[in-house]
Structures are given as structure tokens and as C-alpha cells.
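Spelled out from the first residue to the last, the chains are:
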Amino acid sequence: MSTTTNPVVLLPPEKMPKQWINLVPYIGYDLPLISPQTLEPGTPEEAMMIFSKDCVLQEVSQEPAIDIPDELREMYYYANRPTPLVRALRLEKAIGIDADTDGIKIYYKNESVSPAGSHKTNTALAQAYYARKNGIECLATETGAGQWGSALSYACALFGLKCRVYMVRASYKQKPYRGILMRTYGAEVWPSPSDQTDVGNTFLEQDPDHPGSLGIAISEAVEDCIKHNDNTRYSLGSVVNHVVLHQTIIGQEAKAQMEMLGEYPDIIIACHGGGSNFSGLTFPFLIDKIEDRKPDLRIIAAEPTAAPKLTKGVYTFDYGDTGHFAPIVKMYTIGSSFVPSPIHAGGLRYHGASPLVSMALNKGLIEADMLKQTEVIEAGVTFARTEGFPPAPESCHAVLEAIKQAKAAKENRENKIILFNLSGHGYFDLGAYQAYLDGNLEDFELPTAQIKESLKSLPQVSFG
Ligand SMILES: *Cc1c(COP(=O)(O)O)cnc(C)c1O
């Protein structure tokens, strides 16, 4: 391939996938959601008090594929789907790969083109669609860094729903523009802990300027949902099966785009927080590995040293949140009371991993790698200077892992096609780039002792 070839592969609109792919039957997943109150498997009816009915049905579905409704596909067009697949020719060159002689190619799927700036729009639009279909008028949620809150606010605006967002107070203050974006979309946004809920008021009594945490914010959003249960449901942006299902549109598009080039990747990479963008890109390819069509395919999850659940966690039942309101699932975890260091990749600070990703890792179908913040953001700077825009700090983990794999392939004189997910842009996260440019970027030690401590408080689930 000559370096003058157009590096951008666009999928014709009519080729946008018509179904999501459900990994559940392919991998043999049959574990229930466990209630945090009873420590017993919960019923779908209980789950329907928290999540929209159709989302619960998808959560427990054993179907290999689920139709994407036509009206939702139309909304995906508005959200700039299908998204581009790009050959990162200029990044390759910058890291010493010769496009004409080395036989190494790096591609990325660009999910940053979504109006809210990340892949999270894919599930936000689906959840807003089903909420409206099920007669729900309002979605309540929490947000940390603000990417999920932005995506859900956007989706609720397009489907005519109300949106109530509890945003961790520390982030609300540090990242005011995310909050303003949500309010621009019409959402109500409160710094959490807030005076809107009993949980919030309890924490405010202790400290009127409490910095908050994701655990407290989740508790507030769930309480809001239960209190207004006639018209409100709670919405999650990652981890659970119906969310990763919605994201599989990414990988199906990428597969079709690679096919247009007559290619198939050897190594697929995505960053991993709760696992949704990772699942979205990789699951449609993983099925080829499970069914032995691509036995040598390597799939790598890139996570931060500061919250290393896949590389240093244990595979067990654990609480989904610090406040123990969300369902218990079997996953790789570093313990629900784990408090990660304040890395810039806020979306990767979660203590657990998607149950489906966890099962794939446990079966040896995928790998995980742990990366340091300074090198991660440096990779993002290299990407910005070559490909033209700053990736989200989360996405920078995928960029760095792709660079590592390309360099290893060159050293071993192997022809490798590498595909990674560019899950979002970093225009709201320029603080990370500022720290890098000013020489203030920190690395954090591997939190070994803290993980050991946090893993002492696992729930005693009798199931399985
Ligand atoms: C939220 C977020 C992530 C991490 O969440 P996953 O569910 O692991 O994908 C990664 N990248 C971006 C841009 C995000 O907004």
C-alpha cells in the first residue's frame, strides 16, 4: 500500500449493522444478577424496577443476535454512524514503521465523532429509545468524569426524555464544561452528594462540601429512580450485558470496513474501564476465535496501573458499586471499596469489569496489559501531532498499547495488522495534556496493599 492511498474507510450508510451481537450464547454465559440485599439471584421483575423493561430482557437474553429497531438506526445516523475506520499512517511513520517495507499496519475505529464525544452514545441512544418505548419519562444516572452524563443527556434530548444526572462533586468543580454540556442538552445536573436524596443529605450533613464519589452518586441515582418509580428508571453506561450488547455495533462496522480492504486484524486493542468500548470493538471478532475460524487472533485490553482489575484482580462475585445498591455480578475485581488514585483517565477508575469480558479473560480468550499514566498521555500527544486530534485519556491507553505491539512486531520482523478503538476525543480533558506539557504528570505505584485490603470485603454469595 502506498502512503498516498486514502487512509479513511467509510462504510456506506445502508451497510450499518441491523442487529447487535450477543456474546452470551457463544461463550456459554449463564450467571444471574445477584441482589445486594438478599445475596440471592434477583428476578427480572426486580431488575425492571431499576432498568427499563426491554433492557432487562436483553440483559438475560440467550439469543445470538438482537434486532436494532429502525428508529434507533436512524438516530445512529444523526450520531455520525457508521464511524470511520482510519489507517494511522502518520502515527506509524512517527514510531518508525515503514508502510512500504515493514508489513505492519495500524488501524483505528474513530468513535470520537459522536456528538457527545465518545462511544457511550451507542448505548445512551438505545437506552433512551427503550425507556420511551416502555413509557418511561425520565432517566436518572451518575457520572464521574462526565462522559456518560453527556452521552445520556444528549440521547434523552433526542428522544424527548428528562434526564437527571448526579455528578461527583470533585469532577463537577474540576470539569465544569461537561456539566454545562449536559445542561445545554436539557438535563438537570447536581453535584453529588446533593440535597435531592436521603443518601445525599446524609453525606452533606457530615460535610456540606463533600467531594463525593462514584459510589455515592450511584446510590443517589438509584434512590431517585426508586422514589419516582412511576416514570423514572436508572441507566448505566458500562459493565452490564445490555450495555456491551449495544456497543457491538462498533466491531461489526469495523469488520465490514476491514473486509472492504480485504483484511482481517491480527491484534485488536481497546482500553478497559468497565469494558463497554472493549467489548463493542472486540466481541464480533472474538466470535471468530471462539468458533475456531481465527484461532491465532490476539485481543488485548489496556488498563491503568492505578486500577488494574484484569491484571491484578480476582475472578469472583462482587458488588457493582461502593454503596452496595447495584447488582452483584461475577467479574474480575479489585474490591468495591477500592479508591483509585486520581488519574486523568477517570473512565478507567472502576473497580470491576464486565462479566462477559471477565469470562473471556478467565477462559484465556483475551489478554490484558497494564500501562503507566505518563507513557499513556505521551502516546496521546504523539497521536495528536500525527493523526490530528487529542484522544481522551482513556483512549490514550489503546494508542499506547497499539504502539507497543507495532514496535514488538517490527522487532520480531512479523507482518501484523493492528486495530484499536479510539473510544473518544480529549477536548474536555485538556488538563491531562496540560499536566504533560508542563511536566507535572504523575505516575502512581501499583496499589498492591490497597487491593489486598479492599478484597477483604467481598460479599458472601452462596450461588454457584
Ligand atoms: C467511559 C469511557 C471509557 C471507559 O469505559 P468502558 O466501558 O470501559 O469503555 C473509555 N473511553 C472513553 C472515551 C470513555 O468515555
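Here the structure is a predicted model, which is why all the values come from computation and not from measurement. (Residues numbered from 1 in each chain as written. Predicted model: local features only at pLDDT ≥ 70, side-chain atom pairs only at ≥ 80, totals over all residues. Heavy atoms only, no water.)

Novice: Would you explain the site of the ligand in this entry?
Specialist: Around the ligand, the structure places 19 residues, and the nearest of them are Lys-120, Ser-238, Gly-273, Ser-276 and Ser-423. Between His-119 and the ligand, the recorded distance is 3.2 Å, taken from a side-chain N or O atom to an oxygen atom. Between the ligand and Gly-274 there is a distance of 3.0 Å, counted from an oxygen atom to a backbone nitrogen or oxygen. Of all elements in the fold, only helix H13 (276-290) and helix H17 (393-411) reach the threshold of two or more residues within the shell around the ligand. Of the residues that constitute the shell around the ligand, the class distribution is three nonpolar, 14 polar and two charged. Each of domain 1 (8-14 + 82-116 + 247-457) and domain 2 (19-69 + 120-241) accounts for three or more of the residues forming the shell around the ligand. (Near = heavy atom within 4 Å. Polar contact = N/O pair within 3.5 Å; in protein donor to acceptor, adjacent residues only side chain to side chain. Helix = DSSP H or I, 4+ residues; strand = E, 2+ residues; numbered from the N terminus. Nonpolar A, V, L, I, M, F, W, Y, C, P; charged D, E, K, R; others polar. Domains from an automatic or database assignment.)

Novice: Would you take a moment to explain the layout of surface pockets for this structure?
Specialist: Leftover empty space is mapped by rolling, across the atoms, a probe with the size of a water molecule. The computed volume of the second largest pocket comes to approximately 600 Å³. Forming the walls of the second largest pocket are 33 residues, and the residues nearest its centre are Leu-33, Gly-42, Thr-43, Ala-47 and Pro-327. Within the residue set of the lining of the second largest pocket, elements represented by two or more residues are helix H2 (44-50), helix H3 (53-59) and helix H11 (214-227). Counting residues per element, the lining of the second largest pocket draws most heavily on H2, at five residues. A class-by-class count of the residues in the lining of the second largest pocket yields 23 nonpolar, seven polar and three charged. (1 Å grid on protein atoms, 1.4 Å probe; cavity = no way out; pocket = protein on both sides within 12 Å on 5 of 7 lines; lining within 4 Å. Points joined across faces, edges and corners; volume = space filled by probe spheres on them.)

Novice: Even after reading the chapter, I still don't get the packing of aromatic side chains, so can you show me in this structure?
Specialist: In total, this model carries 12 aromatic pairs according to the counting rule given. Aromatic side chains Phe-51 and Tyr-234 sit 6.0 Å apart centroid to centroid with 35° between the ring planes, which places their arrangement in the tilted category. Taken as a pair, Phe-51 in the loop between H2 and H3 and Tyr-234 in strand S9 (residues 232-234) lie far apart in primary sequence, 183 residues in all. You can call Phe-51 buried: its relative accessible area is 6%. Ring centres of Tyr-264 and Phe-285 lie 5.5 Å apart, and the angle between their planes is 75°; on these two criteria the pair is classed as edge-to-face. Separated by 21 residues along the polypeptide, Tyr-264 in the loop between helix H12 (241-260) and strand S10 (267-271) and Phe-285 in helix H13 bring together distant segments of the chain. (Phe/Tyr/Trp six-rings, centres within 6.5 Å; stacked < 30°, edge-to-face > 60°. Buried < 20%, exposed > 50% of the residue type's maximum accessible area, 1.4 Å probe, protein only.)

Novice: Before we go on, may I ask you to explain the state of the cysteines in this structure?
Specialist: Note on terminology: a disulfide is the covalent bond linking the sulfur atoms of two cysteines. Per the counting criterion, the structure on display carries zero disulfides. Considering cysteine sulfurs only, Cys-163 is the nearest to Cys-156, which forms no disulfide, with 4.0 Å between them. Among the residues examined, Cys-156 registers a relative accessible area of 1% and is labelled buried. (Disulfide = S-S within 2.5 Å.)

Novice: Would you mind showing me how to read empty space enclosed by the protein here?
Specialist: Going through the model one piece at a time under the given rule, you end up with two cavities of 30 Å³ or more. Forming the boundary of the largest cavity are 13 residues, of which Pro-304, Ile-343, Leu-371, Lys-372 and Gln-373 lie nearest the centre. A per-element tally of the lining of the largest cavity places helix H16 (residues 373-387) first, with three residues. Of the residues assigned to the lining of the largest cavity, the class counts are eight nonpolar, three polar and two charged. Estimated volume of the second largest cavity: approximately 40 Å³. Considering the residues around the second largest cavity, the lining is formed by Phe-51, Ser-52, Cys-55, Gln-127, Leu-139, Tyr-234, Ser-235 and His-242. Class assignment of the residues belonging to the lining of the second largest cavity gives a composition of four nonpolar, four polar and no charged.

Novice: What should I look at first to understand the environment of Ser-235 in this one?
Specialist: Structurally, Ser-235 can be placed in the loop between S9 and H12. The class of Ser-235 is buried, set by a relative accessible area of 0%. Through-space distance from the C-alpha of Ser-235 to that of Pro-393 is 24 Å; in sequence the pair is 158 residues apart. Dropping the residues within four chain positions of it, Ser-235 is found in contact with Gln-127, Leu-139, Ala-140, Thr-141, Trp-148 and Leu-152. (Contact = heavy atoms within 4.5 Å.)

Novice: Hey, could you run me through the sheet that holds strand S4 (residues 85-87) in this one?
Specialist: What holds strands together in a sheet is hydrogen bonding between their backbones, with the strands either parallel or antiparallel. Pairing in this open sheet of seven strands is mixed, and the strands run S1-S4-S5-S15-S10-S11-S14 from one edge to the other. In this open sheet, the two edge strands, each paired with only one partner strand, are strand S1 (8-9) and strand S14 (367-371). Judged from the two bridges that link them, S1 and S4 form a sheet pairing that is antiparallel. Its bridge partner being in S4, Val-8 is matched across the sheet by Val-86. Docked against the sheet, H13 engages strand S5 (105-110), S10, strand S11 (298-304) and strand S15 (417-422), running at close to 160° with respect to S10. (Pairing = 2+ DSSP bridges. Axes fitted to C-alpha atoms, helices over the stretch in contact; angles between N-to-C directions.)

Novice: Help me understand the sheet that holds strand S7 (residues 162-168) in this model?
Specialist: Taken together, the four strands give an open sheet; going across it, the order is S8-S7-S6-S9, and neighbouring strands pair in parallel fashion. Because the sheet does not close on itself, it has two edges, and the strands there are strand S8 (188-192) and S9. If you compare each strand with its neighbour and ignore which way they point, the axes differ by 20° on average. Looking at chain direction, S7 and S8 are connected through five bridges and run parallel.

Novice: Could you clarify how one ought to interpret the nonpolar core in this entry?
Specialist: Generally speaking, nonpolar side chains in soluble globular proteins are found buried as a group. The biggest cluster of nonpolar side chains holds 72 residues, and the ones touching the most others in it are Trp-20, Leu-72, Tyr-76, Leu-125 and Ile-366. Both domains that meet at this core, namely domain 1 (8-14 + 82-116 + 247-457) and domain 2 (19-69 + 120-241), each give it at least three residues. Within the second largest apolar cluster, 34 residues are counted, among which are Ile-95, Ile-300, Val-381 and Ile-418. (Core = buried A, V, L, I, M, F, W, Y, C linked by side-chain atoms within 4.5 Å.)

Novice: Sorry if this is basic, but what is going on with the domain arrangement of the protein here?
Specialist: The parts lose accessible area when they come together, and the size of an interface is often stated as this lost area. Once the domains are mapped, the protein shows domain 1 (8-14 + 82-116 + 247-457) and domain 2 (19-69 + 120-241). Put simply, the middle of domain 1 and the middle of domain 2, counted by C-alpha atoms, are 23 Å apart. Domain 1 puts 45 residues into the contact, and the matching count from domain 2 is 39 residues. Buried area between domain 1 and domain 2, both sides added, is near 3,600 Å², and the carbon and sulfur share of it is 66%. The salt bridge involving Asp-429 is made with Lys-175; its shortest N-O contact spans 2.7 Å. Of all the elements in the fold, those that place two or more residues in the side of domain 1 that touches domain 2 are H12, H13, strand S12 (314-319), strand S13 (328-333) and helix H15 (355-362). It is H13 that contributes the most residues to the side of domain 1 that touches domain 2, six residues altogether. (Buried area = accessible area lost by both parts, 1.4 Å probe. Salt bridge = Lys/Arg side-chain N within 4 Å of Asp/Glu carboxyl O.)

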